[in-house]
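Structural features, examined
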Amino acid sequence: MNAKDKTPKTNAARLLDKAGVAHELIPYTVDPDNLAAEHVAEELGEDINRVFKTLVLHGDKAGYFVCVIPGNMEVDLKKAAKAAGAKKAEMIPMKELLGVTGYIRGGCSPVGMKKPFPTFFHSTATDYPEIYVSAGVRGLQLKIAPADLIAFCGAKVADIAAPRS
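Summarised in this report is the structure supplied together with it. All values reported here derive from a predicted model rather than from experimental measurement. Counting starts from 1 at the beginning of each chain's written sequence and moves along it residue by residue. Under the rules for a predicted model, residues below a pLDDT of 70 receive no local features and side-chain atom pairs below 80 are neither given nor counted, while totals for whole chains, interfaces and linings still include all residues. Computation of side-chain values: all heavy atoms of the structure, hydrogens and water removed.

**Let's talk about the pairing of strand β7 (residues 131-134)**
On any regular strand, side chains alternate: one points to one face of the sheet, the next to the other face. Our working rule: One requirement defines pairing of two strands: DSSP has to find at least two bridges between them. Only DSSP runs of H or I reaching four residues or more are called helices, and only runs of E reaching two or more are called strands; each is numbered from the N terminus.
As paired strands, β7 and strand β8 (residues 140-144) are joined by four bridges and run antiparallel to one another. Looking at β8, one finds that Tyr-132 is bridged to Lys-143.

This is how it looks when you write it as structure tokens:
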């Protein structure tokens, strides 16, 4: 971190830098009582459809896998399981998130988890020139071209989410 740039680099940002993937680190004010994507979008002054959340699931045959979906949607467990090659899947318990990924709730990035997991981006990610995902800590987002992020993560694009009911 140099004198001009007061934003600390995260592991996710360092990995993207090393790979030559263009991105921007965007800080926002964290509300520990409201870690919802809507709050992040509001703080960023951005469309909630461009602010993606990273969720970790466990499939009966697939093991752990990652779903990156728009902040105003919820993961469709049946569609996500199918994408991952499982019959069924469920969100992992919050208490397991840090141990599995190295990240905490509100700071889970699809980049730089402890191990590479199969990753699926919701099909709307490619509708935008840039999207936002967590940079790996609360209070910091990565602004990045979805095609670059999907390629870097070795991810697939699939219909894995549904509007909140």
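**Comments concerning the packing of aromatic side chains**
Our working definition: Each Phe, Tyr or Trp ring, with Trp reduced to its six-membered ring, pairs with another whose centre is within 6.5 Å; inter-plane angles below 30 degrees give stacked pairs, above 60 give edge-to-face pairs, and intermediate values give tilted ones.
Across all of its chains, the model carries two aromatic pairs by this definition. Each ring, one from Tyr-64 and one from Phe-117, has its centre 5.8 Å from the other, and the planes form 65°; the classification is edge-to-face. Of this pair, Tyr-64 sits in strand β3 (residues 63-70) while Phe-117 sits in the loop between α4 (94-101) and β6 (119-122), placing them 53 residues apart in sequence.

**Describing helix α5 (residues 146-153)**
To keep things clear, this is the line we draw: Relative accessible area decides the class of each residue, using a 1.4 Å probe on protein chains only: under 20% of the type maximum gives buried, over 50% gives exposed, and in between gives partly exposed. For this quantity, the arc is that covered by the directions from the helix axis to the C-beta atoms. Here a residue-residue contact requires only that any non-hydrogen atoms of the pair lie within 4.5 Å.
Of all the residues in α5, the buried ones are Pro-146, Leu-149, Ile-150 and Cys-153. Each buried residue of α5 sits inside an arc of 100° when the element is viewed along its axis, so together they form one side. Across from the buried face of α5, at angles greater than 90 degrees, the exposed residues are Ala-147 and Ala-151. Those residues of α5 hidden inside the fold are in contact with β6, β7, β8 and β9 (156-158). Where α5 terminates, the next one or two residues include Gly-154, which has phi positive at roughly 60°.

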